[in-house]
Amino acid sequence: MFYSFKGFIPVVHPSAFVHPLAAVTGNVIIGKDVYVGPGAAIRGDWGGIVIEDGCNVQESCTIHMFPGVTVTLRQGAHIGHGAIVHGANVGRNVMVGMNSVLMDEVEVGDECIIGAMTFVAAKTIIPARSLVVGNPGKIIKQVSDEMIAWKTMGTRLYQALPQDCRDSLRECLPLNDIPAERPTQESLYETWEQIKKG
């Protein structure tokens, strides 16, 4: 669902996929190969939101800000299920774990990993390649080359998902019974295990 607000109409690259049950409002720019999942709320009403190429904003995420702020998700940022980004800027190739919260004026450096359920307090500056966990979030170590390679390869699955959704996602009615000819699902777990091994 897209909404104009005070003359601002969201801009979405044709290669991106925004689920029809996401809500995108106002001054929002969405780049190439971006995936936005159902239930995401991307509110560019009081400020701007820029989601650069190859990012994903997964199910039930919220992106918003105090008035006059622009939130930027840099290229390849990976925003996990249920995360909240409120007035924060997220660096290139960062992973924000599920149900994490990034508060106002947080700056997350490139290639950081924010653990699931981490709370990052307002005005926190996180240097590049930091692994942050906890409430309040604390840097516990540096992100290794192996960790960032694993994250990058995982994000590639989401960068392919917009085209998969355009090709095969269709609204439908559920079946009452399991059909005998039900297709087998792709072996994504095996694919993921291969990805992790590089």
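The sections below set out a description of the structure shown in this document. (Residues numbered from 1 in each chain as written. Predicted model: local features only at pLDDT ≥ 70, side-chain atom pairs only at ≥ 80, totals over all residues. Heavy atoms only, no water.)

The next thing to look at is the overall build of the protein chain. In terms of helices and strands, the protein chain carries two helices and 20 strands. Taken over 198 residues, the protein chain has a buried fraction of 42%. Considering only contacts within the protein chain whose residues lie at least 6 apart along the sequence, 13% involve residues at least 24 apart. When the accessible area of the protein chain is evaluated, it comes to approximately 11,000 Å², of which 58% is carbon and sulfur surface. (Helix = DSSP H or I, 4+ residues; strand = E, 2+ residues; numbered from the N terminus. Buried < 20%, exposed > 50% of the residue type's maximum accessible area, 1.4 Å probe, protein only. Contact = heavy atoms within 4.5 Å. Areas by Shrake-Rupley, 256 points an atom, 1.4 Å probe, with all protein chains shown as cover.)

This next bit is on the pattern of salt bridges. Scanning the model with the defined rule gives six salt bridges in all. Across the pair aspartate 45 and arginine 43 runs a salt bridge, and its minimum N-O distance is 2.8 Å. Where glutamate 111 meets arginine 129, a salt bridge forms, and the shortest distance between an N and an O atom there is 2.8 Å. Of this pair, glutamate 111 sits in the loop between strand E15 (107-108) and strand E16 (113-114) while arginine 129 sits in the loop between strand E18 (125-126) and strand E19 (130-133), placing them 18 residues apart in sequence. Here glutamate 111 falls in the buried class, since its relative accessible area comes to 16%. The network of salt bridges with shared partners includes Arg92, Asp110, Glu111, Arg129 and Asp145. (Salt bridge = Lys/Arg side-chain N within 4 Å of Asp/Glu carboxyl O.)

Another point: the environment of aspartate 164. Here aspartate 164 shows up in helix H1 (residues 145-168). The spacing of aspartate 164 and phenylalanine 17 is 147 residues in sequence and 9.4 Å in space, taken between C-alpha atoms.

As enumerated under the stated definition, the model contains two aromatic pairs in all. Summarising the aromatic geometry, the rings of tyrosine 35 and tyrosine 158 are spaced 5.7 Å apart at their centres and angled 50° between planes, so their arrangement reads as tilted. In this pair, tyrosine 35 sits in strand E5 (residues 35-36) while tyrosine 158 sits in helix H1, placing the two residues 123 residues apart along the sequence. When sorted by exposure, tyrosine 35 lands in the same class as tyrosine 158, which is buried. Each member of the aromatic cluster is reached from another via a ring pair, and the members are Phe17, Tyr35 and Tyr158. (Phe/Tyr/Trp six-rings, centres within 6.5 Å; stacked < 30°, edge-to-face > 60°.)

For H1, which comprises 24 residues, the first-to-last C-alpha distance of 35 Å matches the rise-based estimate of 34 Å (1.5 Å per residue) to within 8%. Approximately 35° is the largest bend angle found in H1, and it occurs at leucine 161, with the proline proline 162 only one to four residues beyond. Among the residues making up H1, those that are buried are Ile148, Lys151, Met153, Gly154, Thr155, Tyr158, Pro162 and Cys165. (Expected span 1.5 Å × (residues − 1). Bend = angle between axes of the 7 residues up to and from the residue.)

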